[in-house]
Amino acid sequence: MIRAAFFATLGPPWMRIEPVRLGRVPTGHGTPDRFVAVQAGDSPLLRVDLYRSSEECFAFEEVCVWSGFVVIGWGHCIYLVEPRTRAVSALHLGSYFGHLYPAEQFLLVASAERLFRVEPDGALLWRSDEVGIDGVLVDQVADGVIRGKGEWDPPSTWRPFQVSLSTGQLV
């Protein structure tokens, strides 16, 4: 079983593993802002070093293992990392990352403003219209409809929305 978690610091054996570096990597690499450690059982498999950009908001961070990828929500992106090949694809969200909602047949990603649907092969199927301006939460996915709420007037003015699971269009 593959597991992944965020860490502020890492010690042995992690520091001996050549990392995948993501974000705005400074010249000479420098000290990462966060680490993701990926294990297969009890054995280290992959180390990801994450670097912040001063232009991005880092409100939330989340990592999960889904459909063979280590999915990292960080800054204004999600990164899909194939742990054995170390191949990376990035999805730029256009605003800060909010939450991951994994299911067997899809991954929903919430940003500050929108929802995104990622397919099991890592391809983006759709990007919704704006459903909030400072946070998007998914409450339920049923009968082909995503029900949630978006924050439109911070703090605490949330409005409900419904989005088609297949198209990403408001219903």
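Let me sum up the structure you'll find in this document. From a predicted model like this one, the values you see are computed outputs, not experimental measurements. (Residues numbered from 1 in each chain as written. Predicted model: local features only at pLDDT ≥ 70, side-chain atom pairs only at ≥ 80, totals over all residues. Heavy atoms only, no water.)

Notes on the overall build of the chain
Item 1. Secondary structure assignment for the chain yields zero helices and 15 strands.
Item 2. In terms of overall size, the chain behaves like a compact globule, its C-alpha atoms giving a radius of gyration of 17 Å where 171 residues would be expected to give roughly 16 Å.
Item 3. In terms of overall dimensions, the chain has C-alpha extents of about 50 × 35 × 20 Å along its principal axes.
Item 4. When each of the 171 residues of the chain is scored for burial, the buried share is 42%. (Helix = DSSP H or I, 4+ residues; strand = E, 2+ residues; numbered from the N terminus. Rg over C-alpha atoms; globule rule 2.2 N^0.38 Å. Buried < 20%, exposed > 50% of the residue type's maximum accessible area, 1.4 Å probe, protein only.)

Notes on the nonpolar core
Item 1. Core analysis: the largest hydrophobic core is formed by 16 residues, its most contacted members being Leu22, Val36, Val48, Leu50 and Ile72.
Item 2. Mapped by element, the contributors of at least two residues to this core are strand S2 (20-23), strand S3 (34-40), strand S4 (43-51), strand S6 (69-74) and strand S7 (77-81).
Item 3. In contact with Ile72, not counting residues within four places along its chain, are Phe6, Leu22, Val36, Val48, Leu50, Glu62, Val63, Cys77, Ile78, Tyr79 and Val81.
Item 4. Membership of the second largest hydrophobic core comes to 14 residues, among which are Trp66, Leu80, Phe116 and Val118. (Core = buried A, V, L, I, M, F, W, Y, C linked by side-chain atoms within 4.5 Å. Contact = heavy atoms within 4.5 Å.)

Things to note about the packing of aromatic side chains
Item 1. Within the structure shown, the criterion is met by three aromatic pairs.
Item 2. Grouped by ring-pair contacts, the aromatic residues Phe6, Phe58 and Trp74 constitute a single cluster.
Item 3. The cationic tip of Arg52 hangs over the ring face of Phe58; the distance from NZ or CZ to the ring centre is 4.6 Å. (Phe/Tyr/Trp six-rings, centres within 6.5 Å; stacked < 30°, edge-to-face > 60°. Lys NZ or Arg CZ within 6 Å of the ring centre and 35° of its normal.)

Here we look at the environment of Trp158
Item 1. Looking at the element boundaries, Trp158 is found in strand S15 (residues 158-164).
Item 2. For Trp158, a relative accessible area of 34% translates into the label partly exposed.
Item 3. In this structure the C-alpha to C-alpha distance between Trp158 and Pro19, which are 139 residues apart in sequence, comes to 40 Å.
Item 4. In this structure Trp158 touches Gly135, Val136, Leu137, Lys149, Gly150 and Glu151, once residues within four positions along its chain are discounted.

A look at the pattern of salt bridges
Item 1. Scanning the entire structure with this criterion turns up six salt bridges.
Item 2. One salt bridge connects Arg34 with Glu61, and the closest N-O pair in it is separated by 2.3 Å. Of this pair, Arg34 sits in strand S3 while Glu61 is found in the loop between S4 and strand S5 (62-66), placing the two residues 27 residues apart along the sequence.
Item 3. The partner of Asp49 in a salt bridge is Arg47, with the nearest N and O atoms 2.8 Å apart. Neither residue differs from the other here; Asp49 and Arg47 are each classed as buried. (Salt bridge = Lys/Arg side-chain N within 4 Å of Asp/Glu carboxyl O.)

Thoughts on the sheet that holds S15
Item 1. Spatial ordering of the open sheet is given by S13-S14-S15, a layout of three strands whose pairing is antiparallel. With partners counted over all chains shown, the strands left at the sheet margins are strand S13 (136-142) and S15, one partner each. The average angle at which neighbouring strand axes cross in this sheet is 25 degrees, direction not considered.
Item 2. One ladder, built from seven bridges, connects strand S14 (residues 145-151) with S15; its direction is antiparallel. Residue pairing across strands places Ile146 opposite Val163, the latter belonging to S15. (Pairing = 2+ DSSP bridges. Axes fitted to C-alpha atoms, helices over the stretch in contact; angles between N-to-C directions.)

Things to note about the sheet that holds S3
Where strands meet in a sheet, backbone hydrogen bonds hold them as pairs that are either parallel or antiparallel.
Item 1. Reading across from one edge, S1-S3-S4-S2 is the order of the four strands in this open sheet, with mixed pairing throughout. In the strand order of this sheet, the two ends are held by strand S1 (2-7) and S2, each with one partner. The sheet shows a mean angle of 20 degrees between the axes of neighbouring strands, taken without regard to direction.
Item 2. Across six bridges, the pairing between S1 and S3 is antiparallel. Within S3, the residue paired with Ile2 across the bridge is Ala40.

Purely geometric stuff here, so don't read any function into it on its own.
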